[in-house]
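# Observations on chain architecture
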Amino acid sequence: MSIVLTPAAQVHAALLSGMHGICFAEPWSPDSMAGILDMPGTVGLIAVDGDSLAPALRPPGPAGYVLWRVMADEAEILSVAVLPPWRRTGLGRRLMAAALEQARAAAATVMFLEVAIDNHAAQALYRGLGFVGAGIRKKYYADLDALVMRCELAIS
Ligand SMILES: CC(C)(COP(=O)(O)OP(=O)(O)OC[C@H]1O[C@@H](n2cnc3c(N)ncnc32)[C@H](O)[C@@H]1OP(=O)(O)O)[C@@H](O)C(=O)NCCC(=O)NCCS
């Protein structure tokens, strides 16, 4: 897999909105994605598969993204997703590991996220990277509770 992680910018708002719409039931419009990219402290990475080893299944192009925000010494994952053909190839882990590393380099000491209580795939991904449960937010997603998770960012 020859996938490059490239910084997300305003020009990618429609692309990110499109990927988000494929991966989540509640879409984020290009305008709302542009607003998120504009928030102070927002950082993002887009995974681009430039030389796919399986072009029929995974055509060259965007494969996933991660967006996070750093506010003083705390960071928060805003959204992470991998397009279906690239799932279970390690890309979600790679995107999240890069976000953790960059947040740590930006002096964050802890990263938080919310994940739907029934999203066991994402929870397994996060636990594998050192996140632990930190509480429940009732009805965070319409009728569904969210699990709040946190990961201490060790200073090296
Ligand atoms: C969650 C998501 C980002 C995972 O991305 P991915 O690229 O498939 O994940 P990886 O291949 O890096 O998997 C890393 C680990 O996550 C866990 N995992 C990922 N998908 C899983 C699944 N379907 N079932 C169980 N565990 C899963 C496993 O522990 C896996 O490690 P392993 O492959 O060594 O067993 C992807 O499924 C996705 O985009 N889902 C829709 C959007 C979403 O739910 N985003 C998170 C919202 S909080």
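Just above sits the structure.
In this report, the structure presented in the accompanying data block is examined. (Residues numbered from 1 in each chain as written. Predicted model: local features only at pLDDT ≥ 70, side-chain atom pairs only at ≥ 80, totals over all residues.)

### Some thoughts on the site of the ligand
- Every one of the 20 residues lining the ligand counts as a neighbour, but Arg87, Gly92, Arg93, Ala121 and Leu125 are closest to it.
- Considering each element in turn, the shell around the ligand owes the most residues, 6 residues, to helix H4 (residues 120-128).
- Residue composition of the shell around the ligand, by class: 11 nonpolar, 6 polar and 3 charged. (Near = placed C-beta within 6 Å. Helix = DSSP H or I, 4+ residues; strand = E, 2+ residues; numbered from the N terminus. Nonpolar A, V, L, I, M, F, W, Y, C, P; charged D, E, K, R; others polar.)

### Structural notes on the environment of Leu5
- Secondary-structure assignment places Leu5 in strand E1 (residues 3-7).
- Residues Leu5 and Gly135, 130 residues apart in the sequence, show an inter-C-alpha distance of 31 Å.
- With residues near it in sequence (within four places) discarded, Leu5 still touches Leu45, Ala47, Leu95 and Ala98. (Contact = placed C-beta atoms within 7 Å.)

### Quick word on the pairing of strand E6 (residues 132-141)
- Burial within E6 is sparse, with just 0 of its 10 residues counted as buried.
- As paired elements, E6 and strand E7 (residues 144-152) share 6 bridges and run antiparallel to each other. The partner of Ile136 across the bridge, within E7, is Leu147. (Buried ≥ 20, exposed ≤ 12 C-beta atoms within 10 Å, placed from the backbone. Pairing = 2+ DSSP bridges.)

### Regarding the environment of Leu78
- Mapped onto the elements, Leu78 comes out in strand E4 (residues 74-82).
- Looking at Leu78, the number of C-beta atoms within 10 Å reads 19, which means it is partly exposed.
- When residues no more than four places from it in sequence are discounted, the contact partners of Leu78 are Ile36, Leu67, Trp68 and Arg69.

### Comments concerning helix H1 (residues 13-23)
- Taken together, the buried positions of H1 are occupied by Ala13, Leu16, Met19 and His20. Buried residues along H1 cover an arc of 130° about the axis, so they all sit on one side. (Arc of directions from axis to C-beta.)

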